[in-house]
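# Chains, contacts and geometry: an overview
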Amino acid sequence: METRICPECKRAFYSAGFSTCPHCKYKLLLNGRGEERTLTMLDSEFSFGRKQRTATMVDYSRSGAKIVYQGTPLPVHTIIELKVGELKIQRPGRVVWTKKIKKIISATGLRLSG
């Protein structure tokens, strides 16, 4: 168990992996590398080659993001450009995992760089 600082209300609390701030109910999630992931539902776009798609970014950390989109899963190691207008993010990334979650819906984990 660790002492964490909530990025929303800036108050300290104890955390063990997945956690909700007891003060403001902000949800934190730690990934396998121990970084805080912020759960969200933000409209985003990504492009690879000459193709461009819309997606929903469902969580992000300093070095990665998870996106959900309509279409077939992207191949692992595909290089993309991710844009999230609301957060003013435009960063290159590499697909580290991908899976089909419904008939026409896919989820992809990205390692962001830049």
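Residues numbered from 1 in each chain as written. Predicted model: local features only at pLDDT ≥ 70, side-chain atom pairs only at ≥ 80, totals over all residues. Heavy atoms only, no water.

### Some words on the overall build of the protein chain
Under the convention used in this document: Only DSSP runs of H or I reaching four residues or more are called helices, and only runs of E reaching two or more are called strands; each is numbered from the N terminus. Exposure classes here rest on a 1.4 Å probe applied to the protein chains alone. A residue is buried below 20% of its type maximum, exposed above 50%, and partly exposed in between. Whether two residues are in contact is decided by their heavy atoms: any pair within 4.5 Å suffices. For accessible areas, the Shrake-Rupley method is used with a probe of radius 1.4 Å. Any residue's cover is judged against the shown protein chains and nothing else.
Of the regular secondary structure elements, the protein chain holds 0 helices and 10 strands. In the protein chain, the order of α-helices and β-strands from amino to carboxyl end is β-β-β-β-β-β-β-β-β-β. For the protein chain, the proportion of its 114 residues judged to be buried stands at 36%. Here the contacts in the protein chain between residues at least 6 apart in sequence split such that 33% fall between residues at least 24 apart. For the protein chain, the exposed surface amounts to about 7100 Å²; the carbon and sulfur share of it is 52%.

### Observations concerning the confidence of the model for the protein chain
Quick note on the threshold: Note on scores: pLDDT gives the predictor's confidence for each residue, bounded by 0 and 100.
The share of residues in the protein chain with pLDDT of 70 or more is 89%, and the mean pLDDT across the chain is 86. At the level of individual helices and strands, the protein chain shows its lowest average pLDDT in strand S4 (residues 27-30), which scores 66, and its highest in strand S8 (residues 79-84), which scores 96.

### Things to note about the side chain of Asp-59
As for its placement among the helices and strands, Asp-59 is situated in strand S6 (residues 51-60). Classification of Asp-59 as buried rests on a relative accessible area of 5%. Not counting the four nearest positions on each side in its chain, Asp-59 is found in contact with Arg-37, Thr-38, Leu-39, Thr-40, Ala-65 and Lys-66.

### Section: the packing of aromatic side chains
This is how the line gets drawn: Stacked, edge-to-face and tilted labels apply to pairs of Phe, Tyr and Trp rings (six-membered ring for Trp) whose centres lie within 6.5 Å, assigned for plane angles under 30 degrees, over 60, and everything in between, in that order.
By the definition in use, this model includes 2 aromatic pairs. Both rings, one in Phe-46 and one in Phe-48, keep their centres 6.0 Å apart while their planes meet at 15 degrees; by these two values the pair is stacked. Accessibility classification places Phe-46 together with Phe-48 in one group, the buried group. A ring pair is formed by Phe-46 and Tyr-69, whose centres lie 5.1 Å apart and whose planes are at 65 degrees; its orientation type is edge-to-face.

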